[in-house]
Each structure stands twice: as C-alpha cells, then as structure tokens.
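# Structural description and commentary
Listed below are the residues making up each chain.
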Amino acid sequence: MSLHREYDTIHSAINHLFLAKLGTNETLIHPYAVKKMADYENQSSSESESEESVITDKELQAAFSRGVLKPGLNVVLEKHQKALNNVDGLKQCLSEFKQHLAWVERLDVTVGQAPNVMSSASYPTPDKVTVDPEDDFQREMSFYRQGQAAVLKALPWLHNQKVPTRRPDDYFAEMAKSDQQMQKIRHKLKSKQEAMEKSEKAKQLRALRKYGKKVQTEILQKRQKEKATVLNAIKKYQKGLSDKLDFLDGEQTPPHQGKKKGDSGQQIKRGPSAKRRYKNQKFGFGGKKKGSKWNTRESHNDVSSFRANMAHNKGPGKAGKKGSNKRPGKKMRQKMKSRT
Amino acid sequence: MQDLRTLMPHSKADTKMDRKDKLFVINEICEIKNCNKCIFFEAKKKQDLYVWFSNSPQGPSAKFLVQNIHTLAELKMTGNCLRGSRPLLSFDPVFDQEPHYALLKELFTQIFSTPQYHPKSQPFVDHVFTFSITDNRIWFRNYQIIEEDAALVEIGPRFVLNLIKIFQGSFGGPTLYENPHYQSPNMHRRLTRLAVAARFREKQQMKNLQKLRKKEEKTVIPVDPTENVFETPSEEKPLEIELVKPELKVNLKKRKKLFQRQRKGQKKLSRVGV
C-alpha cells in the first residue's frame, strides 16, 4: 500500500477536517494535502472518476483505523530521483572507443600535485582532498602544482622520444596571443608595478613625517621643562631659600638678580595658601566641569533651606512694602477718572 | 570560444546551426567535414553556455554546463605559447578512480591532443592543459612551460565544466551517467530569487506585527513585591578631584602672532614715541 509511504503523519485534528471536507470543499484543506490528494488519485487509476473521492475517503478512513495514518501535519517528502549511473555501460563504452595509440600521440599524464615546490615552501601544502573550492588562491595553487607535476613527469619522456620542448631563439611563428595583446599585458603589468612603488613611497614618507613630529614635540617639551626648572631656581634664589648659583652655568643670567638680593627676610612659604588649597579641593584642576552646577535629584529633593514663614513674600522684610504701595489698581484709577 | 580553436590546430569550424535543428544533424555535419570528434557550443538565454563533447559516429557524448569563463583576452594571464603547438594533457588522479571520469578522460585526450606531425601544428610542446576535479566539477587551465624545471605561467582560457549527462550515442542514445550534484542554472536562479523574496516577506510580516503590537493596549502588569529582592545598591563612585596640575600643552607654533588690532596699536605707540 502506497498510503503508508504517502501519509507519514497527519495531525489528528486536521485529519478529521480532512476526512469531513474531502468530498465537498477542497479549499479548506491544507494545500499540501490537496497536492498529495491529486498525486494519490493519479496513482489509483483503477477507480472510476465519479466515485473517486468517495472511495479515497473510505480508504483513508480505513487506513486511519488500521493505524497507518499517524497524527501530525503531512508534508510531501520530495522524492529524490536516483541519478543514473550505469557503470557497466560506461566501462563497455570506454573499452569500445578507446584508442590504443602511442603515448607520443596522446601526450596525457595523470598525476597528483607536485610534492614540494621551491616557490611554495612557506605555504602549507594543501591536500587535494582538502582544497576549498571557494578559496581562490589555494585552488589555483593546486591546479598549478598539478600542472607542474605533469610537466616534471612528462619532460623526460618527451626527451626520450626526442620531441623538442624548447623552440630555438630564432624560431618565429604565430603565437596564440597576438603581439598587440601581449603589449597590452606588458603595459598593464608595468603600470601595476609603478602604482605599487608609488604607494610604498608615500607610505614611507608618511611614517617619516610622523616620526619627525614626535621628535619635535619631545624637544620642545624638554626645553620648556628646563626653562621652568631654571626659573624656579631663580625664584628660590631671589627669596633667599638657597644661595647656590650652579643653575646659572651655561644659562643666561636673569635680568635683575642683584636687585632683590637684600630682602631675604621674607616669610617662608610652604605650598599654596589656605585659600588656594580650599579652592583646589573645591574645584581641582581640570576634570569634568560640565553639568557640575546642574541640579541633581538629591539637590532638587533637598528642601532643608525652605522656610515657610519666609516663603511667598510673607517674610518680615517684605512687610513694609505692602503699606507703602499707595497707588490703586488700574480699574480703580479709571473709575476715579470717569467720576471727575 | 575562438580561443579553443587557436589552441587546437586539428579542428575545423562550421557555421552556426539553426536552433530548431535536431542535434543529430551535427553527426551528419561531422561526416561531411570528415571529423570524428566534435565540440558543440550551445548558448541559451544569452547567459548559459552548454557544451557537448562527442565522439561523432558512435558515441559516447557528454553534455556540460560551462561556468566561469575567462578568455585569452584577459590581461591577467601573462603567458603565451606558439599557435598550434601540441599540448601536454595533465589529469587529476581522480579521473582514474571512477568509471565516468575515466570515460571523460579518454574523451578529452582524444579531443584535445593534437596528433603528432599534424600539418598545422608546431613541432614543440610548450604548454599544458590541466583537467582537475574539485567540487564535482572539472576545472580547465592552460599553462605555458617556461623553464625545464617546470615553472609555469598561465595562458588561458580557463573555464569550469559542470557535467550534466553522459550519453551512449553521439548527441543522443541512452543515458549512461547523470550527475546528481548538477543543478540547472534556471533552478539556481529561481532558488536565489525565492530566497530573496522570502527574506523580504518575512521582514514585511515583522513590520506588520510590530505595528499591530504598538496599536494594542499595554497590558497592566501587576507589581511584583519580590521584584527587587536581588537588587543590590551600587557603590557610589568617589568624587575625583585632580590635585596635581596637568602638564602644559606644548605650543608648536614658533611665534605668537598678535591680533591685527594689537599690532596697529603697537604701531601707533611707536609713532607717538618718535
């Protein structure tokens, strides 16, 4: 019974619907089921046209009762057509049309890839089986190596047969590609090489410029630092903290070094002043300033400074203001005007 | 496909055939031309190229789909060889392992190898045709032999043959082999189109669904008292105050240029001083 193969699984609910509606209205049935139905009807050719659906209906019911139909959505399993492969025919055909000629006539070689090539020493030798057809470079390499192997194998044979493999230099004949084409190819190769060289040069120049800039900034920084230390030392000297003048060797003398030599009795300062310290602690140097004055949720919710007796102009300061305002309102003034 | 003609001196071309002619007509043409091998190119829909390789009167014949053609006109292939020199034929070892490939190998050798002392041929062997099998396809390459130590340069053309069927007769007869991996280009195009359409439809459906969901009223989720049981209060980040003076920025400009206004003022001052 082909049913077994056809209806692998039918969901029970769908099955009921299927059985009920089969004769009357096919559009309600799952499209797969309809298609399957048509297939099935084609197969059961012995049945008459008019009673076909009824009979199938009955058969289906019978099949379901027997338990051949199983619950689940039935899906058509696409039958994979078995590809033809007539091995005997192939062999026979091959033996029929095979020509037994000397190798020189045929010049065919069947070899794997060249085992080890000097050019591809670093490149991992891909096995024939593992060559990925999507990887262009690897694939072409494998073809190339196969060609190489063939040449290596065939050349001694050719030499044995006294078949020339190199043409003499003064042998001129028409080539497969015209001279024009070869000229084009040469031109393209040249331009490509030039472009490569250009890009290489540009890259080098860029790197050099970068390095130069770095060196320049370093030098400037160093100079600044030196200046700062010297100035510091001078200041200290002026204030009488030290009487060493070794920072002067090699440096230019400060403009008014002798002027303030006398007032060394100033108070000694250690670090910044208290005010400065407080300010540093409060503001710091740099850091994130943006949004520091904004309200936050905490500050918004903080109502500790709210005083009910002062709010809404109820404070003692505003009390006198009320009495001082002697000017009546606008409406009042207009009324007064009209009266007079 | 004139390229193959230039590489095969033992071939004769014939005029184009009417498309509606039966393929058996080719056998007759071969007989008239006194040929026993035949390569027949069949272009369909201006985008698919099929090629028949056939042993003319008795068969067998094989039909291929040609893919990825690069002609001799390509500028990337830098080799060159004598027109009409005899090629070496190099085959992948896979060709000996399976009967249909063995058949194809014999067919290729008979078709592509130029007979020795053929009047149009050159007496030197300076290029190699390689037939290799990767991905269930036959890849054809043509290399020039430069040195005796097997340095090769590709000449072209290159193409990939995808086997469809092998027939016993020439252009007909019972099928000997059918490639199970073959998928017709029409089918391939159809599948890709279907895939694109499906992706589009899915997107559209998702959009519709999202629209519907937006329109729907939000269901009120009752507050779960155990919701924030596992919430741990995160540590407050310490306020960072930078107490060390940051390093001064280096000014790379050598000289500070005054604003125009200031320069003018200076000039005035100097004039007054004079």
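Owing to the predicted nature of the structure, the values given are computational and were not obtained by experimental measurement. (Residues numbered from 1 in each chain as written. Chains lettered and ligands numbered in written order. Predicted model: local features only at pLDDT ≥ 70, side-chain atom pairs only at ≥ 80, totals over all residues. Heavy atoms only, no water.)

## A few points about the UniProt feature "coiled-coil region" (unreviewed entry) in chain A
Sites flagged by UniProt as "coiled-coil region" (unreviewed entry) map to residues 175–202 of chain A. Summarising residues 175–202 of chain A: 86% helix, 0% strand, and an end-to-end C-alpha distance of 40 Å. (UniProt positions renumbered as here; feature names shortened; annotations may be inferred. Helix = DSSP H or I, 4+ residues; strand = E, 2+ residues; numbered from the N terminus.)

## Remarks on the pattern of salt bridges
If you walk through the whole model with that rule in mind, you get ten salt bridges over all chains. The partner of E140(A) in a salt bridge is R158(B), and the shortest N-O contact between them spans 3.7 Å. Here R158(B) lies in strand β8 (residues 158–169) and E140(A) lies in helix α7 (residues 136–160), a pairing that spans two chains. Here E140(A) matches R158(B) in class, with each residue buried. One salt bridge connects E154(B) with R141(B), and the closest N-O pair in it is separated by 3.9 Å. On the criterion of sequence distance, the pair formed by E154(B) in strand β7 (residues 152–154) and R141(B) in strand β6 (residues 137–145) is long-range, its members being 13 residues apart. With relative accessibility at 3%, the residue R141(B) sits in the buried group. (Salt bridge = Lys/Arg side-chain N within 4 Å of Asp/Glu carboxyl O. Buried < 20%, exposed > 50% of the residue type's maximum accessible area, 1.4 Å probe, protein only.)

## Describing a nonpolar patch on the surface
A grouping of L239(B), I241(B), L243(B) and V244(B) is seen on the molecular surface, where their side chains present a nonpolar patch of about 440 Å² in accessible area. Judged by relative accessible area, which is 34%, I241(B) ranks as partly exposed. (Patch = residues over 30% accessible without salt bridge, like charges linked within 9 Å, V, L, I, M, F, W, Y side chains within 5 Å. Areas by Shrake-Rupley, 256 points an atom, 1.4 Å probe, with all protein chains shown as cover.)

## Concerning helix α2 (residues 24–33) of chain B
All names here are of chain B. Looking only at α2, the buried set comprises I26, N27 and C30. All buried residues of α2 fall inside an arc of 105° around its axis, so they share one side. α2 presents E28, E31 and I32 as exposed residues on the side facing more than 90 degrees away from its buried surface. Looking at the buried residues of α2, the elements they touch are β1 (37–44). Remark: N34 follows α2 within two positions and exhibits a positive phi of approximately 65°. (Arc of directions from axis to C-beta. Contact = heavy atoms within 4.5 Å.)

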